[in-house]
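Coordinate analysis (summary)
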Amino acid sequence: MDATTDADLIAAYLAGDHGAFTKIYKRHSPILRRTARLKLYDKHACDDILQDVFFIVAKKLHDLHDPERLPQWLQQILVREVYRYNAKGLRLVATDFQSDSPSDQADVCDPHSEGALVAYEELKELLKSAAEGLGERDRMILSLLVDHGLEGNDLASDLEVLPKDLHSLVHRMREQLQKCLDAYCVAQVGRRSCPELAEILFRWSGRLDVQIRKRIVYHIEVCPICEMVRTQQRIAIADLRARPSAPPR
Ligand SMILES: [Zn+2]
């Protein structure tokens, strides 16, 4: 039995020990997951929400004055995120890159600062280029979500699917979009360090399509150099996303 208290872990994390955060996650995520599963039947949605909860926790932990109350505080954040999820009907893929940064981050710094706008524009462009590597069906889902702002029953009816199947459909599209992003980012910078990738991309137009995306993704799976480039690129994107993003109005 681990005798370290929540207070110890919180203090360690706030002092810069990232391992302490992993311990907080391991200790508290099982019960939060169970609570989420009681409120939502969709396992994918629960995973997404849990991720959001700990993202918020990482940002706001310094605001928690009484560490003894960590379990209750986590439950409160979870309940609020479940509520937000239900209210929206769907977690849109685009919100990861666009306007809907969790409200809890809104006060971290000025979302209209120049840096935030640059990050927002950069992400939007990146997403647009990467999305060209999606299959037709996934591209349609993305377009209905982002360009037409459809959600919930409206989206389901446009796609001619049952509302209950919507989340896994969107989830799968997000996974594909992640692969597109990986492929696009690695293609941009990986050629210099990997001759095999350079060969695959010989005479590449610079635009992603399904064929080339699959070839790049397959290559990344078997190439340690490109796998490392992918990791670096993911970290770079996470840094961009960590900046508060607000759509220019
Ligand atoms: Zn490679």
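Here's a quick rundown of the structure. (Residues numbered from 1 in each chain as written. Predicted model: local features only at pLDDT ≥ 70, side-chain atom pairs only at ≥ 80, totals over all residues. Heavy atoms only, no water.)

Bringing the coordination of the zinc ion into the picture now. Tetrahedral coordination by four donors sets the ideal angle at the metal to 109.5 degrees; octahedral coordination by six donors sets it to 90 or 180 degrees. Here the zinc ion is held by the protein donor atoms Cys194 (SG), His219 (NE2), Cys223 (SG) and Cys226 (SG), which lie 2.0 to 2.3 Å from it. Each of the four donor atoms bound to the zinc ion contributes to angles spanning 104 to 115°, and the resulting shape is tetrahedral. (Donors = N, O, S within 2.8 Å, 3.2 Å for Na, K, Ca; no water. Tetrahedral: all angles 85-135°; square planar, octahedral: opposite > 155°, others 65-115°.)

On to the nonpolar core, then. Counting residues in each nonpolar core, the largest one holds 41 residues, and the members touching the most others are Leu155, Leu201, Leu208 and Ile216. If you list the elements that add at least two residues to this core, you get α5 (114–131), α6 (136–146), α7 (152–159), α8 (163–189), α9 (195–200), α10 (210–222) and α11 (224–242). Per-element tally for this core: the top contributor is α8, with twelve residues. With 26 residues, the next largest nonpolar core counts Ala20, Ala45, Phe54 and Leu70 among its residues. (Core = buried A, V, L, I, M, F, W, Y, C linked by side-chain atoms within 4.5 Å. Buried < 20%, exposed > 50% of the residue type's maximum accessible area, 1.4 Å probe, protein only. Helix = DSSP H or I, 4+ residues; strand = E, 2+ residues; numbered from the N terminus.)

This part is about the packing of α7 against α8. Relative to each other, α7 and α8 sit at 85°, their axes nearing to 9 Å. On the basis of their axis angle, the class for α7 and α8 is roughly perpendicular. Contact with α7, carried on its side by Gly152, Asn153, Leu155, Ala156 and Leu159, involves Pro163, Leu166, Leu169 and Val170 of α8 and no other residues of that element. Class assignment for the residues of the contact of α7 with α8 results in seven nonpolar, two polar and no charged. (Axes fitted to C-alpha atoms, helices over the stretch in contact; angles between N-to-C directions. Parallel < 35°, antiparallel > 145°, perpendicular 65-115°, else oblique. Contact = heavy atoms within 4.5 Å. Nonpolar A, V, L, I, M, F, W, Y, C, P; charged D, E, K, R; others polar.)

As a further point, take α10. With 13 residues, α10 should reach 18 Å at 1.5 Å per residue; the first-to-last C-alpha distance of 19 Å fits that figure. Every buried residue of α10 is listed here: Ile212, Arg213, Ile216, Val217, His219 and Ile220. An end-on view of α10 places all buried positions within 160° of arc, on one side of the element. Turned more than 90 degrees from where α10 packs its buried face, Gln211, Tyr218, Glu221 and Val222 sit exposed. For α10, the side-chain oxygen to backbone nitrogen distance between the N-cap and glutamine 211 is 3.1 Å, and the N-cap itself is aspartate 209. (Expected span 1.5 Å × (residues − 1). Arc of directions from axis to C-beta. Polar contact = N/O pair within 3.5 Å; in protein donor to acceptor, adjacent residues only side chain to side chain.)

Next up on the list: the packing of helix α3 (residues 43–60) against α8. Contact pair α3 / α8: the axes reach a minimum separation of 9 Å and the direction vectors enclose 55°. Classified by the angle their axes make, α3 and α8 are oblique. Across the interface between the two elements, His44, Ala45 and Asp48 from α3 touch His167, Ser168, His171 and Arg174 from α8. The residue inventory of the contact of α3 with α8, partitioned by class, reads one nonpolar, four polar and two charged.

With that settled, the discussion passes to helix α1 (residues 6–14). Three or four residues apart is the spacing at which side chains of an α-helix point the same way, because the helix has 3.6 residues per turn. Listed in full, the buried residues belonging to α1 are Asp6, Leu9, Ile10 and Tyr13. Seen along its axis, α1 keeps its buried residues to an arc of 100°; they face one direction. Glycine 16, located one to two residues past α1, shows a positive phi value of around 110°.

This part covers the layout of surface pockets. The space that makes up the second largest pocket amounts to roughly 300 Å³. Looking at the second largest pocket, it is lined by twelve residues, and the ones nearest its centre are Lys128, Ala131, Leu142, Val146 and Asp147. Broken down by secondary-structure element, the contributors of at least two residues to the lining of the second largest pocket are α5 and α6. At five residues, α5 tops the list of elements feeding residues into the lining of the second largest pocket. (1 Å grid on protein atoms, 1.4 Å probe; cavity = no way out; pocket = protein on both sides within 12 Å on 5 of 7 lines; lining within 4 Å. Points joined across faces, edges and corners; volume = space filled by probe spheres on them.)

Limitation: the analysis is restricted to geometry and does not speak to function.
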